[in-house]
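The chain contents come next:
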Amino acid sequence: MNIKSPPLVLSAYRDQYFKASIIYIVAKVGSRSKQDELLKTSTTLYVGNLSFYTTEQQVYEVFLKCGDIKRIIMGLDKYKKTPCGFCFVEYYSRVDAEQCMRYIHGTRLDDRIIRTDWDAGFVEGRQYGRGRTGGQFRDEYRTDFDIGRGGFGKVIQKKLEELKVGQDDEMQVTNNNEEA
């Protein structure tokens, strides 16, 4: 008995910075319809919500269960060049990528529930975080403490550092007054 899986649908998410690769430059570059067309035939997946400590080898071991992997591109902080919680996994075939979307999306890796989504295809430069501080944009405004993603979000970290500097300054003034 051969049971066929339901077809995979594209998520509503679209990369707002989408630019078609050199191969597709002749067509309407960056259009929503072009992106949708590429997503329907893509063998590349975006993988999000990774721990900053997840290695390429760990990603490879999990995603290999769905098929042969062509390459993995780890997401990096654009300034520090350290992992920042996402990657791209490119399979040799669409069937393998579809298997991954069915079976890996929503599973745990490094004690985190990972998200997978179709990607129109990796283009050099997309491996870097797009946030102001170099990491992922979503991590800049996160208010919760998440040890797997570097602690607090960048905005909260900056406020905490400012508070600490202010407290250190007060302690210095207090110590100077006691010495006088």
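What this report covers is the structure whose coordinates are included nearby. If you're wondering where the values come from, they're calculated on a predicted model, not measured in any experiment. (Residues numbered from 1 in each chain as written. Predicted model: local features only at pLDDT ≥ 70, side-chain atom pairs only at ≥ 80, totals over all residues. Heavy atoms only, no water.)

## Looking at the overall build of the chain
Here's step 1: The number of helices and strands found in the chain is five helices and six strands.
Here's step 2: When the helices and strands of the chain are listed from N to C terminus, the series reads α-β-α-β-β-α-β-β-β-α-α.
Here's step 3: Across the 180 residues of the chain, 38% fall into the buried class.
Here's step 4: Expressed as a percentage of contacts within the chain between residues at least 6 apart in sequence, the contacts between residues at least 24 apart total 62%. (Helix = DSSP H or I, 4+ residues; strand = E, 2+ residues; numbered from the N terminus. Buried < 20%, exposed > 50% of the residue type's maximum accessible area, 1.4 Å probe, protein only. Contact = heavy atoms within 4.5 Å.)

## Let's talk about the sheet that holds strand E3 (residues 83–91)
Here's step 1: What the four strands build is an open sheet, ordered E2-E3-E1-E6; its pairing is antiparallel. Of all the strands in the sheet, just strand E2 (69–76) and strand E6 (115–119) have a single pairing partner and so form its edges. Taken pair by pair, the neighbouring strands of this sheet meet at an average axis angle of 25 degrees, ignoring direction.
Here's step 2: Here six bridges tie E2 to E3, and the two strands are oriented antiparallel to one another. (Pairing = 2+ DSSP bridges. Axes fitted to C-alpha atoms, helices over the stretch in contact; angles between N-to-C directions.)

## Topic: the nonpolar core
Here's step 1: The biggest cluster of nonpolar side chains holds 21 residues, and the ones touching the most others in it are Val59, Phe63, Cys87, Val89 and Tyr91.
Here's step 2: Setting aside anything within four residues of it in sequence, one finds Cys87 in contact with Leu45, Tyr46, Val47, Leu50, Val59, Ile72, Ile73, Met74 and Gly75.
Here's step 3: Formed by five residues, the second largest nonpolar core is a distinct cluster that contains Ile73, Cys84, Phe86 and Phe122. (Core = buried A, V, L, I, M, F, W, Y, C linked by side-chain atoms within 4.5 Å.)

## A closer look at the packing of aromatic side chains
Here's step 1: This structure, assessed with the given rule, holds four aromatic pairs.
Here's step 2: Where Phe88 meets Phe122, the ring centres are 5.4 Å apart and the plane angle is 55 degrees; that geometry is what we call tilted. Pair noted here: Phe88 is in strand E3 and Phe122 is in the loop between E6 and helix H4 (137–140), with a separation of 34 residues, a long-range link.
Here's step 3: Members of the aromatic cluster, joined through ring pairs, are Tyr46, Phe86, Phe88 and Phe122.
Here's step 4: Note that Arg94 overlies the ring of Trp118, its terminal NZ or CZ placed 3.7 Å from the centroid. (Phe/Tyr/Trp six-rings, centres within 6.5 Å; stacked < 30°, edge-to-face > 60°. Lys NZ or Arg CZ within 6 Å of the ring centre and 35° of its normal.)

## Remarks on the pattern of salt bridges
Here's step 1: Following the criterion strictly, the structure yields five salt bridges and no others.
Here's step 2: Of the charged contacts in the structure, one is a salt bridge between Glu90 and Lys70, with a shortest N-O distance of 3.7 Å. One end of the pair, Glu90, is in strand E3; the other, Lys70, is in strand E2, with 20 residues separating them in the sequence.
Here's step 3: One salt bridge in this structure joins Glu98 and Arg94, with 3.2 Å as the shortest N-O distance. With Glu98 and Arg94 both in helix H3 (residues 94–103) and four residues apart, this pair spans about one turn of that helix.
Here's step 4: Judged by its relative accessible area of 24%, Glu98 is partly exposed.
Here's step 5: Overlapping salt bridges, with partners in common, bring together Lys70, Arg71 and Glu90 in one network. (Salt bridge = Lys/Arg side-chain N within 4 Å of Asp/Glu carboxyl O.)

## A few points about unusual backbone geometry
Here's step 1: Phi is positive for Lys81, which is not a glycine, with a value near 60 degrees.
Here's step 2: Within the fold, Lys81 resides in the loop between E2 and E3.
Here's step 3: Positive phi is not limited to glycine here, since Asp111 has a value of about 65 degrees.

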